[in-house]
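A closer look at the structure
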Amino acid sequence: MRYESFLLHHYYHQEQKQMEENTYINDIESAGELARLDHQEKIVQVATKLLPVALISKPFTRILDIGCGAGRWVLDMAFAHPDADAAGIDISKTLVDYANARARSQGLTNASFGVVNVLKEIPFEPGSFDLLHLRFAAGWLPPDAWGKLLTTCYELLDEGGFMVITEGEGMYTSSPALTRFHQLFCEAMYITGRSPSRT
């Protein structure tokens, strides 16, 4: 795979530095968080599918998932697009190791993963990808960093490339308890600098 040797080289030289700069709200090195993220990816993918309907028939060949977690989306894209090079980057060594092990166990030589802190650097040249994927970045991306990250993503896209961003919405419920939970969650995100708004 085109990105594999680059990611491995970058991975071993950056992993300690990246963990010192982690902004994720949970302990991303714990087995429980790995399991939660993998389960979340599976559930979300049932609802969103791999790609929006308008992109399903596009012949993507250079794919990057930013904040890839346990790697499920990259692995599924690599399987669905065997002629594509699919790469995932995340700040968690544990998640990247797990994703690389899954790629090897599934025989997906076109999937690779590396430890990268996208808030500090993106180790790819402009125009390197025809598809970028970003899901649930609000859990690790400070509000004031969105503009910089989206600008970087735009630069990473080749002419005519696509970026798919998936974020959650507010909670809609008739339950007073869940409504109060959502209010407290939004307040906590605001107090910790994870959201520009209290609601």
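Rules and cut-offs
- Residues numbered from 1 in each chain as written.
- Predicted model: local features only at pLDDT ≥ 70, side-chain atom pairs only at ≥ 80, totals over all residues.
- Heavy atoms only, no water.
- Phe/Tyr/Trp six-rings, centres within 6.5 Å; stacked < 30°, edge-to-face > 60°.
- Buried < 20%, exposed > 50% of the residue type's maximum accessible area, 1.4 Å probe, protein only.
- Helix = DSSP H or I, 4+ residues; strand = E, 2+ residues; numbered from the N terminus.
- Pairing = 2+ DSSP bridges.
- Right-handed = clockwise from strand over helix to strand, strands pointing away.
- Axes fitted to C-alpha atoms, helices over the stretch in contact; angles between N-to-C directions.
- Contact = heavy atoms within 4.5 Å.
- pLDDT = per-residue confidence, 0-100.
- Expected span 1.5 Å × (residues − 1).

Quick look at the packing of aromatic side chains
A complete count under the given rule lists 2 aromatic pairs for this structure. On the basis of an interplanar angle of 85 degrees and a centroid distance of 5.0 Å, the ring pair of phenylalanine 124 and phenylalanine 129 is categorised as edge-to-face. Phenylalanine 129 carries the same exposure label as phenylalanine 124, and that label is buried.

What about the pairing of strand 4 (residues 129-135)?
Of all 7 residues in strand 4, 7 are buried; the element is thus mostly enclosed. The pairing of strand 1 (residues 62-66) with strand 4 spans 4 bridges and is classified as parallel. Bridge pairing links isoleucine 63 to leucine 131 in strand 4. In terms of strand pairing, strand 4 meets strand 5 (residues 157-166) through 6 bridges, oriented parallel. The partner of leucine 131 across the bridge, within strand 5, is phenylalanine 162. One crossover worth recording links strand 4 to the parallel strand 5 by way of helix 5 (residues 146-156), and it is right-handed.

Quick look at the sheet that holds strand 5
Taking strand neighbours across the sheet as the criterion, the 5 strands line up as 3-2-1-4-5 in an open arrangement whose pairing is parallel. Strand pairing shows two members of the sheet lacking a second neighbour, strand 3 (111-115) and strand 5, which therefore form its edges. Here the average twist between neighbouring strands, direction ignored, is 20 degrees. Examined bridge by bridge, strand 1 and strand 2 (residues 85-90) share 5 bridges and lie parallel to one another. Each residue of the ladder has a partner; that of isoleucine 63, found in strand 2, is alanine 86. Across the sheet, helix 4 (residues 93-105) lies against strand 2 and strand 3, angled at about 165 degrees from strand 3, the strand it touches most.

Some remarks on helix 3 (residues 72-80)
For helix 3, the set of buried residues is Arg72, Trp73, Val74, Leu75, Met77 and Ala78. Structurally, helix 3 contributes buried residues whose contacts are with helix 2 (31-48), strand 1, strand 2, helix 4, strand 3 and strand 4.

Describing unusual backbone geometry
One non-glycine residue, lysine 49, adopts positive backbone phi at about 65 degrees. At phenylalanine 136, a residue that is not glycine, the phi angle is positive and equals roughly 55 degrees. Within the secondary structure, phenylalanine 136 sits in the loop between strand 4 and helix 5.

Some words on the confidence of the model for the protein chain
For the protein chain, per-residue confidence averages 84 on the pLDDT scale, and residues scoring 70 or more make up 83% of the total. Of all helices and strands in the protein chain, the one with the weakest mean pLDDT is helix 1 (residues 4-20) (50), whereas strand 1 scores best (98). Below a pLDDT of 50 lies the segment residues 14-19, which in the model reaches 15 contacts outside its immediate sequence neighbourhood of four places, other chains included.

Details of helix 6 (residues 176-191)
Compared with the 22 Å implied by 1.5 Å per residue over 16 residues, the 22 Å span of helix 6 between its first and last C-alpha is a close match. Phi turns positive one or two residues past the end of helix 6, at glycine 193, with a value near 80 degrees.

Focus: the side chain of threonine 166
Tracing the sequence through the fold places threonine 166 in strand 5. Given a relative accessible area of 16%, threonine 166 falls into the buried group. Ignoring anything within four residues of it in the chain, the contact list for threonine 166 reads Thr48, Leu134, Arg135 and Phe136.

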